[in-house]
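Survey of secondary and tertiary structure
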Amino acid sequence: MEGGGVGEKPLRRIAEAFEGLAEAANCKTASMEVAPFSRACSHVSVLFGCLGIAFKFAEMDYVAKVEDLSKASDSISTLHSLLELDIQQDSVRQAGSHSRNLLRVKRGLDMVKILFEQILVTDGNSLRDPASKAYAKVFAPHHGWAIRKAVAAGMYALPTKAQLLKKLNEDEASAKIQMESYIRASTPVIVYIEELFNSRQLGIDW
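Taking an unreviewed UniProt entry as the reference, the chain is identified by name as Glycolipid transfer protein domain-containing protein belonging to Ensete ventricosum.

Considering the overall build of the chain
Check the secondary structure of the chain and you find nine helices and zero strands. Mapped in sequence order, the helices and strands of the chain form the string α-α-α-α-α-α-α-α-α. Over its C-alpha atoms the chain spans a radius of gyration of 17 Å, differing by no more than 12% from the 17 Å that the globule rule assigns to 206 residues. The principal-axis extent of the C-alpha atoms belonging to the chain is close to 50 × 35 × 25 Å. For the chain, the residues scored as buried account for 49% of the 206 residues in total. Within the chain, contacts between residues separated by at least 24 positions form 75% of all contacts whose residues are at least 6 apart in sequence. When the accessible surface of the chain is split by element, carbon and sulfur atoms take 52% of a total near 10,000 Å². Each charge sign in the chain was given a centre, from 25 positive and 25 negative side chains, and these centres are 5 Å apart.

Focus: the side chain of Gln 178
Structurally, the position occupied by Gln 178 is in helix α9 (residues 172-198). When its relative accessible area of 12% is taken as the criterion, Gln 178 is described as buried.

What to know about the pattern of salt bridges
This model, assessed by the stated rule, comprises 11 salt bridges. Note that Asp 61 and Lys 65 form a salt bridge whose closest N and O atoms lie 2.6 Å from each other. Taken together, the positions of Asp 61 and Lys 65, both in helix α3 (residues 56-72) and four residues apart, correspond to about one turn of that helix. The class of Asp 61 is partly exposed, set by a relative accessible area of 31%. The class of Lys 65 is buried, set by a relative accessible area of 18%. Among the ionic pairs, Asp 110 bridges to Lys 106, the shortest N-O distance being 4.0 Å.

Points about the nonpolar core
Grouped together as the largest cluster of nonpolar side chains are 66 residues, with contacts concentrated most on Phe 18, Phe 37, Phe 55, Leu 79, Leu 109, Phe 116 and Phe 197. Of all the secondary-structure elements, those providing two or more residues to this core are α1 (10-26), α2 (34-50), α3, α4 (79-88), α5 (98-121), α6 (128-138), α8 (161-167) and α9. Apart from residues lying up to four places away in sequence, Phe 116 is in contact with Leu 11, Leu 47, Met 179, Tyr 182 and Ile 183.

A short note on α1
In this model α1 runs 24 Å from its N-terminal to its C-terminal C-alpha over 17 residues, within 8% of the 24 Å that 1.5 Å per residue would give. Residues of α1 that are buried: Pro 10, Leu 11, Ile 14, Ala 15, Phe 18, Leu 21, Ala 22 and Ala 25. Looking straight down α1, one finds its buried side chains confined to an arc of 130°; they lie on one side. Exposed and oriented more than 90 degrees from the buried face of α1 are Glu 16 and Glu 23. Buried residues in α1 make contact with α2, α5 and α9.

Digging into α4
The α-helix advances 3.6 residues per turn, and as a result positions three or four apart in sequence lie on the same side. Within the span of α4, buried status applies to Leu 79, Leu 82, Leu 83 and Asp 86. Angularly, the buried residues of α4 cover 90° about the axis, an arc narrow enough to put them on a single face. In this fold, the buried residues of α4 make contact with α2, α3, α5 and α9. A positive phi of about 55° marks Asp 90, the residue just after α4.

Concerning the UniProt feature "domain: Glycolipid transfer protein" (unreviewed entry) in the chain
UniProt tags residues 33-170 as "domain: Glycolipid transfer protein" (unreviewed entry). For the annotated span residues 33-170, helix accounts for 70% and strand for 0% of the residues, and the straight-line distance between the end C-alpha atoms is 30 Å.

Conventions and cut-offs
The written sequence of each chain sets the order in which its residues are numbered from 1. Totals for whole chains, interfaces and linings use all residues, but because this is a predicted model, local features are given only for residues with pLDDT of at least 70 and pairs of side-chain atoms are given and counted only at 80 or more. Values reported for side chains reflect all heavy atoms of the structure, with hydrogen atoms and water molecules removed beforehand. For the purposes of this entry, the term helix denotes a DSSP run of H or I that reaches at least four residues, the term strand denotes a run of E that reaches at least two, and both are numbered from the N terminus. Just to be clear, the radius of gyration here is over C-alpha atoms, and the globule rule we use is 2.2 Å times residues to the power 0.38. With a 1.4 Å probe rolled over the protein chains alone, any residue whose accessible area is under 20% of its type maximum counts as buried; one over 50% counts as exposed, and the rest are partly exposed. Contacts: residue pairs with any heavy atoms within 4.5 Å of one another. Each accessible area is a Shrake-Rupley result for a 1.4 Å probe, and residues are judged covered by the shown protein chains and nothing else. By the counting scheme adopted, Arg and Lys are positive, Glu and Asp are negative, and His together with the chain ends is not counted. By convention, charge coordinates are those of NZ in Lys, CZ in Arg, CG in Asp, or CD in Glu. Each reported salt bridge corresponds to a side-chain nitrogen of Lys or Arg within 4 Å of a carboxyl oxygen of Asp or Glu. Residue types Ala, Val, Leu, Ile, Met, Phe, Trp, Tyr and Cys, when buried and joined through side-chain atoms within 4.5 Å, form a set referred to as a nonpolar core. To estimate the expected span of a helix, subtract one from its residue number and multiply by 1.5 Å. The arc refers to the directions leading from the helix axis to the C-beta atoms. UniProt positions are given in the numbering used here, feature names are shortened, and annotations may be inferred rather than shown by experiment.

What follows is the structure in structure tokens.
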């Protein structure tokens, strides 16, 4: 995926989708539904595509996991139910399980949140430092040496901040607003998912 077409604003679409999810995450009386969650997450795929070879592995993995959750929404209504079904079937940690895929998607959302946070506090036009910090915090602990080395090499092929914003059809001022919106809205969504796992003593570091 190469960013937005003429006039498209993928960053705005991401921010708006997660503002809706944040309302659900903050509502203590209702469970977050799988369908709107997977729809919102699908918008984030564009960002991984814009980051080039360094995050190609993340894009492919993330897109596949979001697609699985999207298909699951045909028969499973809430994230709570999705996790409970896997617990009943003793398949939470099995490769390809919906729960495992949910945790992988959560990491993708977390990486984008930290990337945006780092972009906003880093001077200059290079994305290498923000992307390296986001990768180190979220993905690196779960990757073997070979993948970490390939990602480190790919960091040299990252677009500049200006190139990224051009792909997203934003200028620096408008991008800052949308990135701040995503950071603010994604935080309760990420916490919600982590609590789904931790409240069932499933952990999130696997």
